Protein chains: 2
Amino acid sequence: MKITTRGRYSLRLMIDLAQHYQEGYIALKDISSRQDISKKYLEQIVPFLIRSNLLNANKGHMGGYQLTKPPSQITVREILESAEGSLMPVSCMENTPNLCEKCGDCITLPIYQGLYEVIINYFDGITLEDIINRQVSGYDYSI
Amino acid sequence: MKITTRGRYSLRLMIDLAQHYQEGYIALKDISSRQDISKKYLEQIVPFLIRSNLLNANKGHMGGYQLTKPPSQITVREILESAEGSLMPVSCMENTPNLCEKCGDCITLPIYQGLYEVIINYFDGITLEDIINRQVSGYDYSI
DNA sequence: TGAAAACCTATCATTTTAGTAGTATAATAG
DNA sequence: CTATTATACTACTAAAATGATAGGTTTTCA
């Protein structure tokens, strides 16, 4: 039940880009130094966020990355789902329909489905804008 | 963000014991065949549950395992926390106080703390009795 | 045309996960 | 008192995931 480094780094990368939204394309080099994350590792993370249409990329001189939408329209759910593949707590839930032949009788599956709902509901409620604003307001999530 | 096999098997083992509560000590052999989980693997899981005081063990002939408390007093949180070590979504939260020197300024930590609250709150609300009763009632968790 | 940036692919060490196997120890029935 | 049944303990292993590093290619723009 741990969020992987890929998920955590993706979130920090996206927050960094949100903090520099409106400044045009931001180079990975800058994010890397600000966030103290290996640029090479960030390079591997970025394609996931691009595939999910959360980032635009620009090659060449003065290139870099930019959010595709304003920070108020990007949720933590989108970011983590894109980086982690899915937020489902058990892998049998990842196939629709569920391929496990026992899934109809499974006594534990509904527990995991309920957990998934709770997690998704929580992450859906937090946008990049919320995160940046909280720095000032000190508002606490989930209370 | 996946629950490990150890956690999932622990839950099934505990549910099985709850279903046979009041029948005295239940041998791992029986749980193994009912749940179709390797007995040898269950043997390795059981010590975690014993350490957390969720199970009593009895050696020798007619021995086996038994819940230490009635199913209504054992929550999914206790079981999974015992099997998984902790349910905290990032490992820096596992030390009290947090040893990360940046934790005071960390912009993402409150998000993970909120997630933890949400998860704990959900699992605290489900007992083994609830799970068994749901088989009959069809009640859905978390709605 | 050259510098700066993203893009792509391969490799690797470490850790975790999931499981097998064998032996030791304890308790009870007969 | 001994055979049986069960837990307890320890070691080992294969496979996968994780977290990274490294090097070369392509694109863009000044």
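All of these numbers come straight from a predicted model, not from anything done at the bench.

Criteria and thresholds
Throughout this description, residue numbers start from 1 for each chain and increase along the sequence as written. Lettering of chains starts at A and numbering of ligands starts at 1, both following the order in which they are written. At least 70 in pLDDT is required for a residue's local features to be given in this predicted model, at least 80 for side-chain atom pairs to be given and counted, and no such filter applies to totals for whole chains, interfaces and linings, which use all residues. Side-chain calculation: all heavy atoms of the structure are included, whereas hydrogens and water are not. The helix and strand labels rest on DSSP assignments: H or I over at least four residues marks a helix, E over at least two residues marks a strand, and numbering proceeds from the N terminus. Whether a residue is buried, partly exposed or exposed follows from its accessible area with a 1.4 Å probe, protein chains only, as a fraction of its type maximum: under 20%, in between, or over 50%, in that order. Should any heavy atoms of two residues lie within 4.5 Å, those residues are counted as being in contact. With residues, only the protein chains shown are counted as cover, and all accessible areas are computed by Shrake-Rupley using a 1.4 Å probe. Only four residue types enter the tally: Lys and Arg on the positive side, Asp and Glu on the negative side; His and the chain ends are excluded. To locate a charge, take NZ of a lysine, CZ of an arginine, CG of an aspartate or CD of a glutamate. Definition of nearness: a residue and a molecule or strand are near each other if at least one heavy atom of the residue lies within 4 Å of the molecule or strand. Polar contacts, as counted here, are pairs of nitrogen or oxygen atoms within 3.5 Å of one another; within protein the pair requires one atom able to donate a hydrogen and one able to accept it, and residues that are adjacent in sequence qualify only if both atoms are side-chain atoms. Alignment of the copies relies on least squares applied to C-alpha atoms, considering only residues that score at least 70 for pLDDT in both. Three categories are distinguished: nonpolar for Ala, Val, Leu, Ile, Met, Phe, Trp, Tyr, Cys and Pro, charged for Asp, Glu, Lys and Arg, and polar for the others, with Gly belonging to the last. By buried area we mean the combined loss of accessible area, with a 1.4 Å probe, across both parts when two parts are placed together. Think of a salt bridge as a Lys or Arg side-chain nitrogen and an Asp or Glu carboxyl oxygen that are within 4 Å of each other. Pairs were defined over the aromatic rings of Phe, Tyr and Trp, the Trp ring being its six-membered one, requiring ring centres within 6.5 Å. Orientation was assigned from the angle between planes: stacked under 30 degrees, edge-to-face over 60, tilted for the rest. Only when the NZ of Lys or the CZ of Arg is both within 6 Å of the ring centre and within 35 degrees of the ring normal is a charge said to sit over the ring.

K.L.:
What is the right way to read the overall build of chain A from this model?
P.N.:
The number of helices and strands found in chain A is six helices and two strands. Taken from the N to the C terminus, the helices and strands of chain A come in the order α-α-α-β-β-α-α-α. Seen through its C-alpha atoms, chain A measures out along the principal axes to roughly 55 × 35 × 25 Å. By residue count, 45% of the 143 residues in chain A fall in the buried class. Relative to all contacts within chain A whose residues are 6 or more apart in sequence, the contacts with residues 24 or more apart total 61%. Counting every atom, chain A has about 7400 Å² of accessible surface; 47% of that belongs to carbon and sulfur. Here chain A contributes 14 positively and 16 negatively charged side chains, and the mean placements of these two sets differ by 9 Å.

K.L.:
Looking at this structure, how should I read the protein's contact with DNA strand D?
P.N.:
Around DNA strand D sit 25 residues in total, of which A:Thr5, A:Lys40, A:Gln44, B:Leu28 and B:Tyr65 are the nearest. Here DNA strand D approaches the protein such that, of its atoms within 4 Å, sugar and phosphate make up 66%. Between DNA strand D and the protein, one listed contact pairs a base nitrogen with a side-chain N or O atom of B:Glu43 at 3.1 Å. Contact between DNA strand D and B:His61: a base oxygen at 3.3 Å from a main-chain N or O atom of the residue.

K.L.:
Teacher, can you tell me more about the relation of the copies chain A and chain B here?
P.N.:
For the pair of chain copies, the relating transformation is a rotation about an axis with a translation along it. Of the two same-sequence chains, chain A is brought onto chain B (RMSD 0.0 Å, axial shift 0.0 Å) by a rotation of 180°. On the angle and the small slide along the axis, the relation comes out as a two-fold axis. Minimal C-alpha separation from the rotation axis in chain A is found for A:Met1, amounting to 2.2 Å. An overlap of 100% is found between the interface residues of chain A and their copies at the interface of chain B, pointing to a shared contact surface.

K.L.:
What exactly am I supposed to notice about the environment of A:Leu11 here?
P.N.:
Looking at the element boundaries, A:Leu11 is found in helix 1 (residues 5–19). Each C-alpha atom of the pair A:Leu11 and A:Ile107 lies 34 Å from the other, and the pair is 96 residues apart in sequence.

K.L.:
Help me understand the protein's contact with DNA strand C in this model?
P.N.:
Around DNA strand C sit 23 residues, and of these A:Leu28, A:Tyr65, B:Thr5, B:Lys40 and B:Gln44 come closest. Between DNA strand C and A:Tyr65 there is a distance of 2.8 Å, counted from a phosphate oxygen to a side-chain nitrogen or oxygen. B:Ser38 is positioned with one of its side-chain polar atoms (N or O) 3.1 Å from a phosphate oxygen of DNA strand C. Among the elements of the structure, helix 2 (28–35), helix 3 (39–51), strand 1 (55–58) and strand 2 (64–67) of chain A together with helix 1 (5–19) and helix 3 (39–51) of chain B are those that each provide at least two residues to the surface near DNA strand C. Its residues assigned to classes, the surface near DNA strand C comprises seven nonpolar, 10 polar and six charged.

K.L.:
Explanation requested: the interface of chain A and chain B in the structure shown.
P.N.:
Much of the literature gives interface size as the accessible area that the parts lose upon coming together. Residue-level contacts link 37 residues of chain A with 37 residues of chain B. Both faces combined, the contact of chain A with chain B buries some 3300 Å², and carbon together with sulfur accounts for 69% of it. The interface formed by chain A and chain B contains two salt bridges. Its salt-bridge partner being A:Glu94, residue B:Lys2 comes within 2.7 Å of it at the nearest N-O pair. Seen at the junction of chain A and chain B, the total is 12 residue pairs in polar contact (both at pLDDT 80 or more). Mapped by element, the contributors of at least two residues to the side of chain A that touches chain B are helix 1, helix 5 (109–124) and helix 6 (128–137) of chain A. With 10 residues, helix 5 of chain A is the largest single contributor of residues to the side of chain A that touches chain B. The residue inventory of the side of chain A that touches chain B, partitioned by class, reads 21 nonpolar, seven polar and nine charged.

K.L.:
I would appreciate a short explanation of the packing of aromatic side chains in the present structure.
P.N.:
Each aromatic ring pair is described using two quantities: the centre-to-centre distance and the angle formed by the ring planes. Counted by the stated rule, this structure contains four aromatic pairs over all chains. Where A:Tyr122 meets A:Phe123, the ring centres are 5.4 Å apart and the plane angle is 50°; that geometry is what we call tilted. Assessed through its relative accessible area of 7%, A:Tyr122 is described here as buried. Residue A:Phe123 is classed as buried on the basis of its relative accessible area of 0%. Relative to B:Tyr41, the ring of B:Tyr9 lies with its centre 5.6 Å away and its plane at 80°, an arrangement referred to as edge-to-face. Taken together, the residues B:Tyr9 in helix 1 and B:Tyr41 in helix 3 connect sequence positions 32 residues apart. Of the residues examined, B:Tyr9 reaches a relative accessible area of 19% and is grouped as buried. Its guanidinium or amino end placed over the ring of A:Phe48, A:Arg6 lies 4.3 Å from that ring's centre, counting from NZ or CZ.

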